[in-house]
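Tertiary structure, described
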Amino acid sequence: RSIPVAQAIKILDDDWVSDIVKIGGLVRNKERFVKRRQRLLGQDGSTLKALELVTGCYILVQGNTVSIMGNNFQGLKQARQVV
């Protein structure tokens, strides 16, 4: 889901995995959802960049979904758990 082309081409390799997490249904209250999404992004994307470095995955937050793509299943699992 809207991952840059250079990253999306990597998914064709057998060792890359991806996942799409729907975060819209986790919280019923719209304000809580917006706060949770902002907390995930961090100020100027700093939290998101830190998560990408720690897990070794590309993470993209867009609307009600979070796309995660990485070359190891362990990093994908960690990123999904944080989201």
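Preceding block: the structure.
The structure contained in this document is the topic of the report that follows.

Criteria and thresholds
In this convention, every chain numbers its residues from 1, walking through the sequence in written order. Two thresholds apply to this predicted model, a pLDDT of at least 70 for residue-level local features and 80 or more for giving and counting side-chain atom pairs, whereas whole-chain, interface and lining totals are computed over all residues. No hydrogens and no water enter the side-chain calculation; it runs on all heavy atoms of the structure. Buried, partly exposed and exposed residues are distinguished by accessible area as a fraction of the type maximum, computed with a 1.4 Å probe on protein chains only: under 20%, between the cut-offs, and over 50%, respectively. Put simply, DSSP H or I for four residues or longer makes a helix, DSSP E for two residues or longer makes a strand, and each gets a number counted from the N terminus. Here, the arc refers to the directions that run from the helix axis to the C-beta atoms. Should any heavy atoms of two residues lie within 4.5 Å, those residues are considered in contact. Grouping into patches uses exposed residues only, defined as over 30% relative accessible area, and leaves out salt-bridged ones; the cut-off is 9 Å for like charges and 5 Å for nonpolar side chains (Val, Leu, Ile, Met, Phe, Trp, Tyr). Exposure was quantified through the Shrake-Rupley algorithm and a 1.4 Å probe, taking into account, for residues, occlusion by the shown protein chains and nothing else. Think of a salt bridge as a Lys or Arg side-chain nitrogen and an Asp or Glu carboxyl oxygen that are within 4 Å of each other. Here the aromatic set is Phe, Tyr and Trp, taking the six-membered ring for Trp, and pairing holds for ring centres within 6.5 Å; pairs whose planes are under 30 degrees apart are stacked, those over 60 apart are edge-to-face, and all others are tilted. Interaxial angle, 0 to 180 degrees, is taken between N-to-C directions of lines fitted to C-alpha atoms, where a helix line uses only the stretch in contact. Relative orientations are named as follows: roughly parallel for angles under 35 degrees, roughly antiparallel for angles over 145 degrees, roughly perpendicular for angles from 65 to 115 degrees, and oblique for any other angle. In this scheme the crossing of two helices becomes right-handed for a clockwise turn of the near helix relative to the far one and left-handed for an anticlockwise turn of less than a right angle. Note on residue categories: nonpolar means Ala, Val, Leu, Ile, Met, Phe, Trp, Tyr, Cys or Pro, charged means Asp, Glu, Lys or Arg, and polar means any other residue, Gly included.

1. Details of helix H3 (residues 46–55)
- All of the buried residues in H3 are Leu48, Leu51 and Thr55. One side of H3 carries all its buried residues, which in axial view fall inside an arc of 60 degrees. Away from the buried face of H3 by more than 90 degrees, exposed residues Lys49, Leu53 and Val54 are located.
- Its buried side turned inward, H3 meets helix H2 (30–41), strand E2 (57–62) and helix H4 (73–82).
- Just past H3, the residue Gly56 takes up positive phi, approximately 75 degrees.

2. Observations concerning a nonpolar patch on the surface
- A cluster of nonpolar side chains, namely Val5, Ile9, Ile11 and Leu12, defines an oily patch on the protein surface of about 410 Å² accessible area.
- Secondary-structure assignment places Leu12 in the loop between helix H1 (5–8) and strand E1 (17–22).

3. Here's the deal with the packing of aromatic side chains
- For the structure shown, the criterion picks out one aromatic pair.
- Plain terms: the ring middles of Trp16 and Tyr58 are 6.0 Å apart, the flat faces sit at 10 degrees to each other, and that makes the pair stacked. Of the two residues, Trp16 sits in the loop between H1 and E1 while Tyr58 sits in strand E2, which places them 42 residues apart along the sequence.
- You can call Trp16 buried: its relative accessible area is 15%.

4. Notes on the packing of H3 against H4
- Closest axis-to-axis distance for the H3/H4 pair is 9 Å, and the angle between their directions is 150 degrees. With respect to each other, H3 and H4 are oriented roughly antiparallel. For the pair H3 and H4, the crossing hand works out as right-handed. Along its contact with H3, which presents Leu51, Val54 and Thr55, the element H4 presents Gly75, Gln78, Ala79 and Val82.
- Partitioned by chemical class, the residues of the contact of H3 with H4 number four nonpolar, three polar and no charged.

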